[in-house]
Every structure is written in C-alpha cells, then in structure tokens.
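Observations on the model geometry
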Amino acid sequence: GDWELVWERGTMDWNDDPLTLLREVKRTGKEVILDDKGNICFGNIKFPRKTLTRFHSKTGPYTLDTLWFFLKQEGKKHSDYVKQCQRLQFDFVSLTDRAELLKYLDGRIHTSSKLKDLPPTTEQPSTAKRQRPQEIEKGSDIIEPVSKRPKLSVTPKTEDGDKLKEAKDSFAASLEKPFQAAPSVSISDTSQDGSSQLPAIDDLPEPDEDIKQTFIKSDADVTRSILDRERVLESRVTVLQTEKKSFTALYKRMRELASQEEEARHNRSQNNSRGGIATVGNNRHEGKGHQSGADSHIKPIVIVPKSIQAMITMLNAKMFLEKDAWESPAELKRKGVKKNRSVAFKKTIKGFDRPLLFTVIDTPSMLSENQWKDVVAVFTSGAAWEFKDWRWKDPVELFSHVQGYYLTFEDEKLPPSIQSWNVKTIKISRRKRHLDKSAVSFFWDNVSRFIQEKK
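Now for a description of the structure that goes with this document. (Residues numbered from 1 in each chain as written. Predicted model: local features only at pLDDT ≥ 70, side-chain atom pairs only at ≥ 80, totals over all residues. Heavy atoms only, no water.)

1. A closer look at the overall build of the protein
Helix and strand content of the protein: 14 helices and eleven strands. Counting all 455 residues of the protein, 37% fall into the buried class. Accessible area of the protein: about 29,200 Å², with a carbon and sulfur share of 52%. (Helix = DSSP H or I, 4+ residues; strand = E, 2+ residues; numbered from the N terminus. Buried < 20%, exposed > 50% of the residue type's maximum accessible area, 1.4 Å probe, protein only. Areas by Shrake-Rupley, 256 points an atom, 1.4 Å probe, with all protein chains shown as cover.)

Structure representation (structure tokens):
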C-alpha cells in the first residue's frame, strides 16, 4: 500500500518512532486503525499500541495509542476528550502538552523541547509483505521470533477433538432449550423414611479430565489476548489500603459543639418572655450597691463590631475579655473558627461578690428597648455607618447613654472620629501578648464603675 511504499523509499525513519507516520496522517488524512490484536496499523505497517514515542510529557514518553486516539478526538473540548479517554481506557495528552503536540503534528514546528531520544532498538514494524509464518506467530501482540517464545500447543488429539466437539455441541444445544424449573420432590420420589430418591449431586458423573484440559487449552489464545490488554485498576489488596487518617480536628469540633450546646441550654433557661436574646434578663435592680443576692439580677451585655477588619469581633471577644489573650479575628477565621450569634461567660468584677454572666453580641437590632438598659459596653471600629440600625444612630448620642471603647495597637494613630466621640481607648502591643492582661483589666475596671454608677 501507499504507507509501505513511503516507508520503503526512506522518506520516513521508523527507527526513531512512528511520529513521522502520525505527521503524515495529519497532513494527508489517511486512515489508521487499531486492530483486534492490539496493533496500530498504518496500512500494512503495524506497531504495537504501547510503542513509545519521542514526544514526552513530564512523566515520560507518550505511547503510540495515546497520540493516535488524541488525533481522533482532536476536535473535542479537552474535558470531553479526557472523559472519552477514561471511558475507553486510553491515556490522555495533558492540557499543557496539547497545543505544542498539535503544532508538531501539523508541521507548523519541526522541533520541540518535548522531543527526546529513546533508547536504541532493532525492532521494525511488521508489514504484510514481510511476515512469514516461520518468523511471526499468528495472533501475537508483539513482534517476536517464534523461536524466542515457548509454544503452547492448543490442537487436541483427534480422539480428544471428537470428544471436545461432541461436548461443545451438547452444551450449545442445552443453551437453546427453554428454561425449566427444577422438578419438585413428590411423594413418589420419597422413600418411606422421608429421604429423597433423586440422585445426589455427589453421585452425578464427573466430566472427563482430558475433556476439561482440552476445553482450557482451546481457549488459551483468546484468554492470553484478553489478559494482555487488561488494565488492573484495583486489586483485592489495594482496595483495602488508605492513607492514615487523623480525627484530631473532629474531636476538637465535637468539644466546641458540646460547649456551645451547654451555653445554649443555659441561655434558654433564662430566656425572657419577649423573645430577645436568651441571656438578657428583664428584672431591674435599684441603688448603687450590688451585693449578695442582688448580683443575680444583673445580666450585662457587651456589643462588638461586625466588621472583620475590627480588632475585636465575635471571633475573638470571649478569648480576649475572659482569658486576657488577643488574637487577630482574620487569623482565627483562617483557622476555621466559626462565628456564633452570641457568646456568654461568667466574670467576677470589682464591687460584686458573685460572678456576673456577660453576653457578647454584634447585632444590636435583636435587642428590645428594655434590653438596651443592660448594655454596659460598646466596642466600635471607628466607622459611623455601623450604627445605622441601632437604637441611637448618632454616635454622639449613643455614647452619651453607654460607655464606648476603641481597641487599637499602641503604635497606631487614632482616627478623627474616635477623638471626637466619648469613647475610651484600649491599646495593646502587636507582639507582646503578656501585656494583654493589663489592657483587659483596664476595661473591666471601667465596666465595674459604669455598672455601679449608671445601672
């Protein structure tokens, strides 16, 4: 054929790899097929489908069948092409190699950094004119002299052949018969002691051992061809293997959920009749002194900003106010800390014999007019727009009713708004976390005085 003539004239160097033939396919549109023996056929010139080519990916050379199938799927989107490869069990050309491979096969470029030499080999592609029975074994996937491979005799003896034919004919006839249910055991089939008189399975005649071996040998070529093309994806061992898993994060999350549930249960038990936040009580107290039993009527609220750019938010408020330790809200969010609708903790402050239950929120719109009387501190980010949905929308008016606070680093300049509002500034160090305690102490001293004077 034309392919063989071109090859014999020396215009194509098959000793490198069949890439030259693939370029000819792209240029002329000639037909190339994958036969049932696993060979890529350029007319009468054949290559085993897994022949390595000089075009390399990051992991190694592409095989011939990979490039052949790529050309057949050239017009498809890459995602559809990959799905088709997975469905038909072909390796696929990576997206990063796709454009350069097409340019090379089209002839737009004649060299590429991805073209690398393969180890020298003396094999040649098979052709119909060059095959001789004594050199090439029929049905072989790889071209190899018969003398180098053990022969498997699959031709039975004449006597065994007759038995094999008779057995196969009988088996084929049984498949054509309509299905019949197994006969039921009647009284006539049963002896007086109740046992069945039908023949037991163990009593049935065994098939001839020679016939069994002949059946096996007769299918050897077909079986070998199937096994050679088989791709083992999983085995009984690999399906049981998995990477080592760690459940530390799960245990931590379960502890957090248990803690939140305990707080929620406590809050629900103290929920007021108006449906506001659970930790805010409606009982008012009188006088300036808050000792003994009167402490239980005080349920103070602290409001923090919603903005993630603020120094204190719902993510780090409890850690800072209860445990005297500040950490950036942005860093806590990166670690996966979840924001709660409200947090509560108990704190003993000056002037009170018993710990008070403080509730921290960032949504003042949930407060009733009566609950606003329990607000003892408001942290601000310095932006006036954050008060638009509050009871007092004007910052000047707001901070005349409640005590305001602004948390910042000690080396930062105060914004003009903070300087004009009635808020107290709490400064902390950027790196010296042991100094956080004195800053928190300053806050609680002011909260204590505010409660005793205003509440």
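Okay, back to it.
2. Details of the sheet that holds strand E9 (residues 375-379)
The strand order across the open sheet built from six strands is E7-E8-E6-E9-E10-E11, with neighbouring strands paired in mixed fashion. Of all strands in the sheet, those with a lone pairing partner are strand E7 (342-347) and strand E11 (423-428), marking the two edges. Between one strand and the next, the sheet's axes are offset by a mean angle of 25°, whatever the strand orientation. In the packing of helix H14 (residues 436-454) onto the sheet, contacts are made with E7, strand E8 (356-361), E9, strand E10 (404-409) and E11, and the angle to E11 comes to roughly 160°. (Pairing = 2+ DSSP bridges. Axes fitted to C-alpha atoms, helices over the stretch in contact; angles between N-to-C directions. Contact = heavy atoms within 4.5 Å.)

3. Here we look at the pairing of E10
Where burial is concerned, most of E10 is hidden: six out of the six residues are buried. Burial of E10 is two-sided: the residues Gly404, Tyr406 and Thr408 facing one way and the residues Tyr405, Leu407 and Phe409 facing the other way are all buried. As judged from the two bridges shared by E9 and E10, these two strands associate in the parallel manner. Bridge pairing in E10 places Phe379 opposite Tyr405.

4. Notes on the sheet that holds strand E3 (residues 45-48)
The sheet built from three strands is open, its strands ordered E1-E2-E3 with antiparallel pairing. The two strands at the open ends of the sheet, each matched to only one other strand, are strand E1 (33-34) and E3. In this structure, E1 lies alongside strand E2 (residues 39-42), joined through two bridges in antiparallel fashion. Its bridge partner lying in E2, Ile33 is registered against Cys41. Here helix H3 (residues 64-72) sits on the sheet and contacts E1, E2 and E3; the angle it forms with E2, its principal contact strand, is near 55°.

5. Quick look at the environment of Ser420
Within the secondary structure layout, Ser420 lies in helix H13 (residues 416-420). Through-space distance from the C-alpha of Ser420 to that of Val396 is 8.4 Å; in sequence the pair is 24 residues apart. Polar contacts involving the side chain of Ser420 include one to the main-chain carbonyl oxygen of Ser417, which spans 2.9 Å. (Polar contact = N/O pair within 3.5 Å; in protein donor to acceptor, adjacent residues only side chain to side chain.)

6. Comments concerning the environment of Gln452
Counting through the fold element by element, Gln452 comes out in helix H14. By relative accessible area, which is 24% here, Gln452 ends up partly exposed. Put simply, Gln452 and Phe352 are 100 residues apart on the chain and 9.5 Å apart in space, counted from C-alpha to C-alpha. Side-chain polar atoms of Gln452 contact the backbone oxygen of Lys350, separated by 3.3 Å.

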